[in-house]
Amino acid sequence: TALVEGPIEIDRVVEGISGPGRGAVVVFLGTVRNQHAGQKVTQLTYSAYRAMARAALEAIAADLEAAHEGLRAAIVHRLGEVGVGEASVVIATASPHRAAAYEANRTALERLKTEAPIWKREHYAGGEAVWREEEPLFFTKR
């Protein structure tokens, strides 16, 4: 689980959670789209409150691992400029059984969007850039 400032090494993320007792590995790869709401997107810029974002990602992974026996989870989010087609987030979950791996992966994504202080700025072909808020952040006490 990490914040990175360059391309995400997807194979390394998967290797970190895989194991002989985990027969199901689910990987969510979020990439930058080339359009949004009818506008051509040229890139995204992600920024974060790093310490808090890292702690949020670690807490999400730990909660999921505690909720499912034998499950391992990793979340890697990219910061800085991310071009169209490039990965901005990778969530990998591995479990002895597929149902838990799928459920944990989706839960990780939904929690990431609302719990991690990571912000997205969308840049358009016309030169305009806007901050995007898809889900409002909320913070829980641990």
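Residues numbered from 1 in each chain as written. Predicted model: local features only at pLDDT ≥ 70, side-chain atom pairs only at ≥ 80, totals over all residues. Heavy atoms only, no water.

Now for the nonpolar core. Core analysis: the largest hydrophobic core is formed by 26 residues, its most contacted members being Ile75, Ile91, Leu112 and Ile118. Considering every element that reaches this core, the biggest residue donor is helix 2 (residues 50-67), with six residues. The contact partners of Ile75, leaving out residues within four places of it in the chain, are Thr1, Ala2, Leu57, Ile60, Ala61, Val89, Val90, Ile91 and Ala108. One finds Val13, Val76, Val90 and Ala94 within the second-largest nonpolar core, a separate group that totals eight residues. (Core = buried A, V, L, I, M, F, W, Y, C linked by side-chain atoms within 4.5 Å. Buried < 20%, exposed > 50% of the residue type's maximum accessible area, 1.4 Å probe, protein only. Helix = DSSP H or I, 4+ residues; strand = E, 2+ residues; numbered from the N terminus. Contact = heavy atoms within 4.5 Å.)

A grouping of Tyr49, Met52, Trp119 and Trp131 is seen on the molecular surface, where their side chains present a nonpolar patch of about 460 Å² in accessible area. By secondary structure assignment, the location of Trp119 is in strand 8 (residues 118-124). You can call Trp119 partly exposed: its relative accessible area is 38%. (Patch = residues over 30% accessible without salt bridge, like charges linked within 9 Å, V, L, I, M, F, W, Y side chains within 5 Å. Areas by Shrake-Rupley, 256 points an atom, 1.4 Å probe, with all protein chains shown as cover. Salt bridge = Lys/Arg side-chain N within 4 Å of Asp/Glu carboxyl O.)

What follows concerns the sheet that holds strand 2 (residues 24-31). Strand order across the open sheet formed by four strands is 1-5-7-2, with mixed pairing between neighbours. Of all the strands in the sheet, the pair left with one neighbour each is strand 1 (2-4) and strand 2. Taken pair by pair, the neighbouring strands of this sheet meet at an average axis angle of 15°, ignoring direction. Pairing of strand 5 (residues 72-78) with strand 7 (residues 87-95) involves six bridges; the strand directions are antiparallel. From the neighbouring strand, Arg72 faces strand 7, where its bridge partner is Ala94. With respect to the sheet, helix 2 is in contact with strand 1 and strand 5, its orientation differing from that of strand 5 by roughly 155°. (Pairing = 2+ DSSP bridges. Axes fitted to C-alpha atoms, helices over the stretch in contact; angles between N-to-C directions.)

Considering the arrangement of structural elements, one finds His36 in strand 3 (residues 35-36). For His36, a relative accessible area of 22% puts it in the partly exposed group. Along the backbone, His36 and Glu128 are 92 residues apart, and their C-alpha atoms lie at a distance of 13 Å. Engagement of the side chain of His36 in a polar contact is seen with the side chain of Arg132, the distance being 3.3 Å. (Polar contact = N/O pair within 3.5 Å; in protein donor to acceptor, adjacent residues only side chain to side chain.)

Counted under the stated rule, the structure contains eight salt bridges. A salt bridge links Glu65 to Arg72, with the shortest nitrogen-to-oxygen separation between them at 3.6 Å. Accessibility expressed as a relative area gives 28% for Glu65, which makes it partly exposed. For Arg72, a relative accessible area of 33% corresponds to the partly exposed category. Arg111 is the partner of Glu115 in a salt bridge, and the nearest nitrogen-oxygen pair spans 2.8 Å. With Glu115 and Arg111 both in helix 3 (residues 98-115) and four residues apart, the pair spans about one turn of that helix.

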